[in-house]
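# Examining the three-dimensional arrangement
Read off the chains here:
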Amino acid sequence: DDTRLSDMALDEHSNRIYILDSGEERVLMYSLKGEELGVVADDKETWQHVRRPTSIAVDPLGRPYVGSGQNSQLARYDKAGVFLGKQDPTFLSRVIAVCSTGNRIFALESGYYQVRMFDYEGWCIGVMAGNSKKNGTVGKGARLAATDKHVYVLDSYFRSVHKYSLNGEEDD
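Residues numbered from 1 in each chain as written. Predicted model: local features only at pLDDT ≥ 70, side-chain atom pairs only at ≥ 80, totals over all residues. Heavy atoms only, no water.

Strand order in the open sheet formed by four strands is β1-β2-β3-β4, with antiparallel pairing between adjacent strands. Single-partner strands in this sheet number two, and they are β1 (5-11) and β4 (36-40). Ignoring which end each strand starts from, the neighbouring axes of this sheet average 20° apart. Bridge analysis of strand β3 (residues 26-31) against β4 gives four bridges, and the strand direction is antiparallel. Residue pairing for β4: V27 is matched across the bridge by V40. (Pairing = 2+ DSSP bridges. Helix = DSSP H or I, 4+ residues; strand = E, 2+ residues; numbered from the N terminus. Axes fitted to C-alpha atoms, helices over the stretch in contact; angles between N-to-C directions.)

As structure tokens, this is what we get:
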């Protein structure tokens, strides 16, 4: 057993919690009461599998998104855990964090140290961070958090937090 629980995302609308098991390369689905509901993203024999998953987020419609540290993808699933597709594949290097707010998913990648914005169909609609007025990059090991108006990027290299509007402009 190589289980390593490494991230989680809450879906308040469906009363579910998704737990990322990076060791077994899968996502576990539970009710908020702790009942196991199933497994998402665990088919290691198909191209739908996420290699070395690093992070998970849930959109307002209850669909989980899983970021990958190895095969550079942001995979989308429906509420039942059925694979819906991957993001536009030309845009990501190693995904280290994802979050969701409004009608967007945000993915922090370590290769270019940028945050890319995606719509719910998986298409890249913009870039934020990586071109910061302050430091010009977001450091390795950084994380994301979002509210209904802003995305926050933890920059562990420069020991700072950057605040961006949802259209990608840095706020002071």
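That covers the picture; the talk isn't over yet.
Let's shift gears to the pattern of salt bridges. Per the counting criterion, the structure on display carries two salt bridges. Residues D21 and R26 are paired through a salt bridge, measuring 3.1 Å at the closest nitrogen-oxygen approach. D21 sits in the buried class, given a relative accessible area of 0%. Relative accessible area serves as the criterion here: at 24%, R26 is assigned to the partly exposed category. (Salt bridge = Lys/Arg side-chain N within 4 Å of Asp/Glu carboxyl O. Buried < 20%, exposed > 50% of the residue type's maximum accessible area, 1.4 Å probe, protein only.)

In this approach, a probe sized like a water molecule rolls over the atoms, and the result shows the empty space that is left. If you add up the space inside the largest pocket, you get close to 330 Å³. Around the largest pocket, the lining comprises 15 residues; the ones closest to its centre are L10, E12, V58, D59 and S100. Broken down by secondary-structure element, the contributors of at least two residues to the lining of the largest pocket are β1, β5 (53-58), β9 (95-101) and β13 (144-146). Tallied by class, the residues present in the lining of the largest pocket amount to ten nonpolar, two polar and three charged. (1 Å grid on protein atoms, 1.4 Å probe; cavity = no way out; pocket = protein on both sides within 12 Å on 5 of 7 lines; lining within 4 Å. Points joined across faces, edges and corners; volume = space filled by probe spheres on them. Nonpolar A, V, L, I, M, F, W, Y, C, P; charged D, E, K, R; others polar.)

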